[in-house]
Amino acid sequence: MTKQRNPWKIAFLTLIGLIVLIFLALLLVVQLPSNSDNQFGESSNTQRTTPISAELNKKQLNTLSEYYLDKLQNGSDNAKYHFKVADQGIVYGSMKLLGANVDYTVFFDPKVLSNGNIELHATKLSLGQFPVPISFVLTYVEKSYRLPKWVQLVPKQKLIKLDINHMSRHGVNYRAKTIDMTGKGKFAFDILLPQ
C-alpha cells in the first residue's frame, strides 16, 4: 500500500525551510567584514598643498551639513537622512520597515584622528519605540543609502569613519584639527588647496 503525500504539508515544510535558509544567509552576511575596512583612509596624499585654517561653531557646521546633504541626496530615490551637531553628533531620518516609515536617531561621539580624519562612535540608537542593536541599523543604512565614498560604516564596532582627507572636490581636501562639542562648539579644520 502506497502512502499518499499531503501537498500542503510539503509546501509548508518547504516554506519553513526557505525562511530558515534566508535568515541564516542574512545572519552570515551581517557577520562578514567589509572589504574596505583595512584600506579606508590609509593612502597618503602625495600632492603638495597649501593649508587654510577654518573654524566653525555648531550653528555654522549644521548649516554646512544641511546644504551638503541636500545636494548629495537631491534626486535620490532613497529616504533622506540628516546630520546635526548638538551635545553629540546626531544622524536621523526614516526608513521603510515592513512597509511602514519608521523614524530613527543615532547619537555619536566624534573623535579627531592623528591623520585629520574623523571617527563617529555610536552611543545610542532609537528606532521608533523598538530597541534594536546599533550594529544592525548601521548595516541596514550601509546597504540602503547612497553614502559618499569618503564615509565608511563599520557596524560591528558601532563606528562611522569620515575620510575627510579624501573628500576631494576639484583637488581641495580637508583635515580636522579640533572638535569641541561644549557650548557653542568649536570645529577647526584645514582646507588643503593644491599648489
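Refer to the structure presented above.
Residues numbered from 1 in each chain as written. Predicted model: local features only at pLDDT ≥ 70, side-chain atom pairs only at ≥ 80, totals over all residues. Heavy atoms only, no water.

## Brief notes about unusual backbone geometry
Next, step 1: Backbone geometry at Lys 158 places phi at a positive 55 degrees, although glycine is not the residue there.
Next, step 2: Of note, Lys 158 is situated in the loop between β6 (151-154) and β7 (159-162). (Helix = DSSP H or I, 4+ residues; strand = E, 2+ residues; numbered from the N terminus.)

## A look at the environment of Ala 176
Next, step 1: Position of Ala 176 among the secondary structure elements: in strand β8 (residues 173-180).
Next, step 2: Excluding anything up to four places from it in sequence, Ala 176 contacts Val 112, Gly 116, Ile 118, Ile 164, Ala 188 and Phe 189. (Contact = heavy atoms within 4.5 Å.)

## Quick word on the pattern of salt bridges
Next, step 1: Scanning the entire structure with this criterion turns up three salt bridges.
Next, step 2: The partner of Asp 87 in a salt bridge is Lys 58, and the shortest N-O contact between them spans 3.8 Å. You can see Asp 87 sitting in the loop between β2 (81-85) and β3 (89-97) and its partner Lys 58 sitting in helix α2 (residues 58-73), a full 29 residues away along the chain.
Next, step 3: According to the relative accessible area criterion, Asp 87 is exposed, its value standing at 65%.
Next, step 4: Put simply, Arg 175, Lys 177 and Asp 190 are held in one network by salt bridges that share partners. (Salt bridge = Lys/Arg side-chain N within 4 Å of Asp/Glu carboxyl O. Buried < 20%, exposed > 50% of the residue type's maximum accessible area, 1.4 Å probe, protein only.)

## A word on α2
Next, step 1: Spanning 16 residues, α2 covers 22 Å between terminal C-alpha atoms, matching the ideal 22 Å at 1.5 Å per step.
Next, step 2: Among the residues making up α2, those that are buried are Lys 58, Leu 61, Asn 62, Ser 65, Leu 69, Leu 72 and Gln 73. For α2, the buried positions fall inside an angular range of 100 degrees around the axis, keeping them on one side. Of the exposed residues in α2, the ones pointing more than 90 degrees away from its buried face are Lys 59, Tyr 67 and Lys 71.
Next, step 3: Check the buried side of α2 and you find it contacts β1 (49-56), β2 and β9 (186-194).
Next, step 4: Here α2 starts with a cap whose side-chain oxygen sits 3.1 Å from the backbone nitrogen of Lys 59, and that cap is Asn 57. (Expected span 1.5 Å × (residues − 1). Arc of directions from axis to C-beta. Polar contact = N/O pair within 3.5 Å; in protein donor to acceptor, adjacent residues only side chain to side chain.)

## Some words on the side chain of Asn 117
Next, step 1: Positionally, Asn 117 belongs in the loop between β4 (100-112) and β5 (118-127).
Next, step 2: Taking the relative accessible area as the measure of exposure, Asn 117 reaches 4% and is therefore buried.
Next, step 3: Here the side chain of Asn 117 touches Asp 163 through a polar contact of 3.0 Å, side chain to side chain.

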